[in-house]
Amino acid sequence: MSLHAVTLCLFLGLVAYSAAADKNWRKNALVYQVYPRSFKDSNGDGVGDLNGITSKLEHIKDIGATAFWISPINTSPMVDFGYDISNFTDIDPVFGTLADFQKLTARAKALGLKVLLDFVPNHSSHEHEWFKKSVKRIKPYDEYYIWRDAKVVNGVRHPPNNWLSVFWGSAWEWNQERGQYYFHQFAVGQPDLNYRSKALDQEMKNVLKFWLDRGVEGFRIDAINHMFEDPRFLDEPRSFLPGVKPNEYEYLDHIYTRNLNETYDVLKSWRNLLDQHSKLHGTDPKIILTEAYTFMPLTMKYYTYGSNAPMNFMFIADLNNGSTASDFKRTIDNWMNNIPDGEYVANWVVGNHDNHRAASRFGTLRADQLNMLSLILPGIGIVYNGDEIGMEDNVISWKDTVDPAGCNAGPDKYHLKSRDPERTPFQWDNTKNAGFTTGNKTWLPVHPNYKTLNLAAQKKVPISHYNVFKSLVRLRQLPVLRDGALENILVHDNVLGIVRRLRGSPPVALLVNFSNSPIVVDVSTRLNLPRVLTVYTASIYSKIPVGSRVDASKLTIPGSASIVLSTPSLGKYLQAL
């Protein structure tokens, strides 16, 4: 058979495969998180907005994302920068209007991108009309929130129990008008909603339907494991963690305010709502991502109650720049081995707006490592805006700190709690304010490295974080990375090997050196690969030329480098894309 005929067969096979894959897009999606305040400002006020996002959708399409998730854009007094919602079915003026949102969804659809929204079910703003009516005991709103009488000791009023807020201090706030305390797991301006109220439960279903009717293809559900509290309102026990003060959240073991079983039943009802909406309107299946920093068995349970991706925070919470190759192998194996039987798939979260950036957590030399892992491992990749170009945390002074988690910690500890460093504006180019805004001021200071670390600069050179990312997303279109088997192998004490195999396709291998020094390994024998392999891509500081052929029996992997290898025949498959 001629090379032309082989290429044609590969092309036709990939077209048929791609058509089938599109119908089940959730299984191998690349989800790109947009933090709207920091993505792109269209009107010069220094805060990102919807029209700014719309103007940059081509970038999201260009890097190969399947879908993008937008952090909260609802009406809000911005106590917690959008996570305190005063109207779940409208857009905050700082971001634009519902009409702007419709323009965004229309443009995204034209580009083949799916729009996901942040859904914040645990709490509202204290400025929400529901809360105002609840204060006045107007039915049914009187039961929309968690209210309790004070505990009176020797004539002095105290909170009902010892429950603490994630943002420090008591989780109870006295309301003089109602004459009771209300419960808030986060900021004082974020009263918790009461899902034991059937009326409130239906209100939140109506919110989901409102956005589904406006073209939303799914939701990332915020802090889902905080949704229910034990109705006995018992004091929580001490955690006995060292160095933790009594007013810090970590001082208690939160057995009565997190991870209650009722949460899963509510999630199942939301799954049913989304599925019914898709069936009724003949649209693609909707996706649900759930955020819960919790234990493995409780995380896995979200799969069976309707989450397509119980968000896997191992790269954030479990592993760090001191973790070994063995640590990574064990942690990856643990996730893969615990996924329930059935059609469930893994997911890999590289970073988000609540945690330090990947390049800062793992170091500049390893800035590409987590992206490479998330795109070679099977399942859904979830990437935070800016990580595709290796953005780093900015140093934010106490004066410039705006995050309530940092402000509440005070000037001595703010740097330990503040999430501002990872939320700084996207670095589009080397013009004023990194091309983020035409205004003179940005809501958070732009990182001073934007002059050299920016998207425009990385597009102009062959070796860049942007080009490494794009090349891997292109590779993900091949059946071997969509359906291939996973082998997770310790090649050396300091080298992890990830191999994907599928009959009829060339294997793809990722090698990660966790040492700062070069290491020589026999990849051919250890990973059962041919002796001659081609470098498909490599982390930018590895200095390994892309396209070069290597002797896999004595391969030198530079310190802190990550390399993707395959057989020379991989090129034929890529040409057919």
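Values in this document were obtained by computation on a predicted structure and should not be read as measured data.

**What to know about the sheet that holds strand 18 (residues 508-513)**
Phase 1 of the analysis: Strand order in the open sheet formed by six strands is 16-17-18-23-20-21, with antiparallel pairing between adjacent strands. Of all the strands in the sheet, the pair left with one neighbour each is strand 16 (485-492) and strand 21 (549-551). Mean inter-strand twist for the sheet, computed between neighbouring axes without regard to direction, equals 30°.
Phase 2 of the analysis: In the packing of helix 11 (residues 325-338) onto the sheet, the strands contacted are strand 16 and strand 17 (495-501), and the crossing angle to strand 16 comes to about 160°.
Phase 3 of the analysis: Contacting strand 17, strand 18, strand 20 (532-538) and strand 23 (562-566), helix 13 (residues 369-376) runs over the sheet at an angle of about 150° to strand 18.

**Some thoughts on the packing of helix 7 (residues 198-212) against helix 8 (residues 262-281)**
Phase 1 of the analysis: Two elements in contact, helix 7 and helix 8, have axes whose closest approach is 11 Å; the angle formed by their N-to-C orientations is 35°. Helix-helix and strand crossings are classified by hand; for helix 7 and helix 8 the assignment is right-handed. Taking contact as the criterion, the partners of Asp201, Lys205, Leu208, Lys209 and Leu212 in helix 7 are, on helix 8, Val266, Ser269, Trp270, Leu273, Leu274 and His277.
Phase 2 of the analysis: Residue composition of the contact of helix 7 with helix 8, grouped by class: six nonpolar, two polar and three charged.

**Details of the nonpolar core**
Phase 1 of the analysis: Formed by 110 residues in total, the largest nonpolar core has its most connected members in Phe68, Trp270 and Leu475.
Phase 2 of the analysis: Counting 22 residues, the second-largest nonpolar core is a separate cluster that includes Ile544, Ala552, Leu555 and Ala561.

**Observations regarding the confidence of the model for the protein**
Phase 1 of the analysis: Scored by pLDDT, the protein comes out at a mean of 95, with 96% of its residues at no less than 70.
Phase 2 of the analysis: When the criterion is pLDDT under 50, residues 5-12 qualifies, and its contacts beyond four places in sequence or with other chains add up to eight contacts.

**A few points about the pattern of salt bridges**
Phase 1 of the analysis: Under the counting rule described, the total for this entry stands at 27 salt bridges.
Phase 2 of the analysis: Of the charged contacts, one joins Arg196 and Glu262 as a salt bridge, the two residues approaching to 3.2 Å between their closest N and O atoms. Highlighted residues: Arg196 in the loop between strand 10 (180-183) and helix 7 and Glu262 in helix 8, separated in sequence by 66 residues.
Phase 3 of the analysis: A relative accessible area of 28% means that Glu262 is categorised as partly exposed.
Phase 4 of the analysis: The salt bridge involving Asp222 is made with Arg220; its shortest N-O contact spans 3.0 Å.

**Things to note about the side chain of Thr437**
Phase 1 of the analysis: Position of Thr437 among the secondary structure elements: in the loop between helix 15 (414-417) and helix 16 (455-459).
Phase 2 of the analysis: The class for Thr437 is buried, based on a relative accessible area of 5%.
Phase 3 of the analysis: A polar contact of 2.4 Å, which involves the side chain of Thr437, links it to the side chain of Asp41.
Phase 4 of the analysis: Engagement of the side chain of Thr437 in a polar contact is seen with the backbone nitrogen of Gly439, the distance being 3.0 Å.
Phase 5 of the analysis: Discounting residues that sit within four places of it in the chain, Thr437 has contacts with Asp41, Gly44, Asp45, Gly46, Lys432 and Thr442.

So, how was this worked out
- Residues numbered from 1 in each chain as written.
- Predicted model: local features only at pLDDT ≥ 70, side-chain atom pairs only at ≥ 80, totals over all residues.
- Heavy atoms only, no water.
- Pairing = 2+ DSSP bridges.
- Helix = DSSP H or I, 4+ residues; strand = E, 2+ residues; numbered from the N terminus.
- Axes fitted to C-alpha atoms, helices over the stretch in contact; angles between N-to-C directions.
- Contact = heavy atoms within 4.5 Å.
- Left-handed = near helix turned anticlockwise from the far one by under 90°.
- Nonpolar A, V, L, I, M, F, W, Y, C, P; charged D, E, K, R; others polar.
- Core = buried A, V, L, I, M, F, W, Y, C linked by side-chain atoms within 4.5 Å.
- Buried < 20%, exposed > 50% of the residue type's maximum accessible area, 1.4 Å probe, protein only.
- pLDDT = per-residue confidence, 0-100.
- Salt bridge = Lys/Arg side-chain N within 4 Å of Asp/Glu carboxyl O.
- Polar contact = N/O pair within 3.5 Å; in protein donor to acceptor, adjacent residues only side chain to side chain.

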